[in-house]
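Residue strings, one per chain:
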Amino acid sequence: MAEPGRSAAPSAPTAGGDIARRAAGSAAAGCTLAGAVAVTLAVVAGPGPGLTGYVSEAGIAGSAHAATYRIGILALAAALLLIGAALPPGVWSAAPALLATGAVFTAVSGAVTCSDGCPLPPFERATTADLVHGGASIAATAAVVFAMITLAVSGSVGSVVRRLAGGAAALALPLCATVGLAMLVIGRGTLVGVLERLILALAVLWGLCTATALALCKEPHPDRSFQ
């Protein structure tokens, strides 16, 4: 027991946990950067329809850059898992659960490829694979945005991570609402294509900044069981 008025030094297991979490944050930052670069290369180098199409069209079967796209998506899925592992103790359990859910659906969206053009209802005829891919992509985005909201109101993660999450959520929510409405009202087009890329870029930027902040955090988190 620590003497009155003197804070207890972190135990060896707690210090080891802090090191492991910082390592997970560093790995998450690396995976986020590598995944974003791979997906961007696949989208830019691919023969897709540009801003009028979906990012996922870079990964359709038969595309010369499909493998690069899938590797990038899987790297981004791993980054979400690692961010969850890098969160400090005491954070709401919903946050790592939502990040894990986002990782699973991100991996599914990369593993299940859509058909040419990635058609989605109500304006296009979609196959089962298209629906699975599209549903997984939407669920992954929703899980990540809800994870942002959860982290924004969780005091255990520190002010930097809270501000990053709050700012990203404030931008992501109206963008997601707009792209969802646009897909239902006007369907595929430049508006949806640009909005989708903005949402994905925001999620990647948030992931990279959050992972970096967690990796650079050197303040030990006390073991609450000894307080």
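The structure presented is a predicted model; accordingly, all values stated were derived computationally and were not measured.

## So, the overall build of the chain
Part 1 of the argument: Check the secondary structure of the chain and you find six helices and zero strands.
Part 2 of the argument: Counting the 227 residues in the chain, one finds 39% classified as buried.
Part 3 of the argument: Pairs at least 24 residues apart make up 73% of the contacts formed inside the chain by residues separated by at least 6 positions.
Part 4 of the argument: Accessible surface, the chain: about 11,500 Å² in total, of which carbon and sulfur atoms supply 71%.

## Regarding the state of the cysteines
Such a bond, covalent and formed between the sulfur atoms of two cysteines, is termed a disulfide.
Part 1 of the argument: In this structure the tally under the stated criterion is one disulfide.
Part 2 of the argument: At a sulfur-sulfur separation of 1.8 Å, the disulfide partner of Cys-114 is Cys-118.
Part 3 of the argument: Cys-114 gets classed as buried once you look at its relative accessible area, which sits at 5%.

## Side note on the packing of helix α4 (residues 128–152) against helix α6 (residues 190–216)
Part 1 of the argument: Between α4 and α6, the shortest axis-to-axis distance is 11 Å and the interhelical angle comes to 45 degrees. With respect to their mutual orientation, α4 and α6 come out oblique. Classified by chirality, the crossing of α6 by α4 is left-handed. Along the contact surface, α4 presents Thr-141, Val-144, Met-148 and Leu-151, while α6 presents Ile-199, Ala-203 and Trp-206.
Part 2 of the argument: A breakdown of the residues in the contact of α4 with α6 according to their chemical character gives six nonpolar, one polar and no charged.

Conventions and cut-offs
Each chain has its residues counted from 1, following the order in which its sequence is written. Totals for whole chains, interfaces and linings use all residues, but because this is a predicted model, local features are given only for residues with pLDDT of at least 70 and pairs of side-chain atoms are given and counted only at 80 or more. Side-chain numbers come from the whole structure's heavy atoms, not from hydrogens or water. Put simply, DSSP H or I for four residues or longer makes a helix, DSSP E for two residues or longer makes a strand, and each gets a number counted from the N terminus. Relative accessibility decides the category of a residue: with a 1.4 Å probe and only protein chains considered, values under 20% of the type maximum give buried, values over 50% give exposed, and everything between is partly exposed. Here a residue-residue contact requires only that any non-hydrogen atoms of the pair lie within 4.5 Å. Residue-level accessible areas treat just the shown protein chains as cover; the underlying method is Shrake-Rupley with a 1.4 Å probe. Note on terminology: pairs of cysteine sulfur atoms within 2.5 Å are recorded as disulfides. Only the stretch in contact is used when fitting a helix axis, every axis being a line fitted to C-alpha atoms; angles between N-to-C directions are given from 0 to 180 degrees. Any angle from 65 to 115 degrees is called roughly perpendicular, while one under 35 is roughly parallel, one over 145 is roughly antiparallel, and all others are oblique. Take the far helix as your reference; a near helix turned counterclockwise from it by less than a right angle gives a left-handed crossing, and one turned clockwise gives a right-handed crossing. Under the scheme applied, nonpolar residues are Ala, Val, Leu, Ile, Met, Phe, Trp, Tyr, Cys and Pro; charged residues are Asp, Glu, Lys and Arg; polar residues are all the others, including Gly.

This is a description of form; function is not addressed.
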